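# Working through the structure, step by step
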Amino acid sequence: MRLYLDLCVYNRPFDSQKQERVALETSIFIYILEMVEKDLYTLIISDALIYENDKNPDIQRRIRVSSYFELAKEIIKTEESDINRAEYLEILGFSGIDALHITLAEKSNADFFITCDDNIINLSKKHRKLIKINILNLIEFVGRGAI
C-alpha cells in the first residue's frame, strides 16, 4: 500500500496527547511507521513536504520529522504542470500548500493521502469527484480496514 502523509501527520506525536483523538492518531501514525519499516506499506514524500518541514522553527521537531522522511521509498518532485493542478485545487478552497500536497499525492499514484486536517477532509468530501486520490484522516484509514 502506497501512502502520502500530510505534514500534520508527521507532527502529530509532538501535539498534546491529552486529547483522545490526538493520542489515537499518534498511535496510528506510529503503527504506520512500523508497517513502513517492515516494507508492508510504501511511504512517499515530496519536495513540498521537505520544504514545509524545513520552515519549522522548532529545530528538534524539524530534525525528527526529517528522520521519518528517511523511511520513504520515493520522493516526488514538483513540476510546472503540478503548479497548474494545485492552482485549480486552490480555487476549490484548499490552501496553497495543501493543494500542492494533494497534487503531488495524486501524481505519486499513492493509494491514500492521509491527513489530520479536518478542513482538507471536508473539502475533499465536498469535491470528491474532482480529487484523484482517496483522502482520509488517520481514524478513517483504520476504519477502512487498511491496518
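Coordinates for the structure precede this section.
Parameters and conventions
- Residues numbered from 1 in each chain as written.
- Predicted model: local features only at pLDDT ≥ 70, side-chain atom pairs only at ≥ 80, totals over all residues.
- Heavy atoms only, no water.
- Helix = DSSP H or I, 4+ residues; strand = E, 2+ residues; numbered from the N terminus.
- Buried < 20%, exposed > 50% of the residue type's maximum accessible area, 1.4 Å probe, protein only.
- Contact = heavy atoms within 4.5 Å.
- Areas by Shrake-Rupley, 256 points an atom, 1.4 Å probe, with all protein chains shown as cover.
- Core = buried A, V, L, I, M, F, W, Y, C linked by side-chain atoms within 4.5 Å.
- Polar contact = N/O pair within 3.5 Å; in protein donor to acceptor, adjacent residues only side chain to side chain.
- Phe/Tyr/Trp six-rings, centres within 6.5 Å; stacked < 30°, edge-to-face > 60°.
- Arc of directions from axis to C-beta.
- Pairing = 2+ DSSP bridges.
- Axes fitted to C-alpha atoms, helices over the stretch in contact; angles between N-to-C directions.

### Description of the overall build of the protein
Each helix and strand counted, the protein has eight helices and five strands in total. What you see in the protein, going N to C, is helices and strands ordered as β-α-α-β-α-α-β-α-α-β-α-β-α. By its C-alpha atoms, the protein is 35 × 30 × 30 Å across when sized along the principal axes. Among the 147 residues that make up the protein, the fraction classed as buried is 46%. Put simply, 70% of the contacts in the protein that link residues at least 6 apart link residues at least 24 apart. Of the roughly 7,700 Å² of accessible surface on the protein, a fraction of 50% belongs to carbon and sulfur atoms.

### Overview of the nonpolar core
Among the nonpolar cores identified, the biggest contains 46 residues, and Leu5, Tyr10, Ile32, Phe94, Ile102 and Ile114 are the most heavily contacted of them. Element by element, the count of residues in this core is highest for helix α2 (residues 20-37), at six residues. Excluding residues that lie within four positions of it along the chain, Leu5 makes contacts with Tyr10, Phe29, Ile32, Leu43, Ile44, Leu49 and Ile114.

### Observations concerning helix α7 (residues 118-126)
Those residues of α7 not exposed but buried are Ile120, Ile121, Leu123 and Ser124. Where α7 is buried, its residues meet α6 (96-107), β4 (112-115), β5 (134-137) and α8 (138-143). The distance from a side-chain oxygen at the start of α7 to the backbone nitrogen of Asn119 is 2.8 Å, and the residue carrying that oxygen is Asp117.

### Thoughts on the packing of aromatic side chains
Any two aromatic rings considered together are summarised by their centre-to-centre distance and by the angle between their planes. Following the criterion strictly, the structure yields seven aromatic pairs and no others. Taking the centre distance of 5.5 Å and the plane angle of 75° together, the rings of Phe112 and Phe141 count as edge-to-face. Separated by 29 residues along the polypeptide, Phe112 in strand β4 and Phe141 in helix α8 bring together distant segments of the chain. The two residues Phe112 and Phe141 agree in class, both being buried. Among the aromatic residues, ring-to-ring pairing joins Tyr10, Phe29, Tyr68 and Phe69 into one connected group.

### Regarding helix α3 (residues 47-54)
Along α3, the residues that are buried comprise Ala48, Leu49 and Asn53. End-on view of α3: buried residues confined to an arc of 130°, all on one side of the axis. Summarising the contacts, the buried residues of α3 are in contact with β1 (2-5), α1 (7-11), β2 (42-46), α4 (59-69) and α6.

### Overview of unusual backbone geometry
Positive phi is not limited to glycine here, since Asp39 has a value of about 65°. Summarising the element assignment, Asp39 is placed in the loop between α2 and β2. For Asn109, which is not glycine, the phi torsion reads 60° and is therefore positive. Its location among the elements puts Asn109 in the loop between α6 and β4.

### A few points about the sheet that holds strand β3 (residues 74-76)
The five strands lie next to each other as β3-β2-β1-β4-β5, forming an open sheet whose pairing is parallel. Every interior strand has two partners, whereas the edge strands, β3 and β5, have only one. Adjacent strand axes in the sheet meet at a mean angle of 35°, parallel and antiparallel pairs treated alike. Direction of pairing for β1 relative to β2: parallel, over a ladder of three bridges. From the neighbouring strand, Arg2 faces β2, where its bridge partner is Thr42. Against the sheet, α3 engages β1, β2 and β3, with an angle of about 65° to β2.

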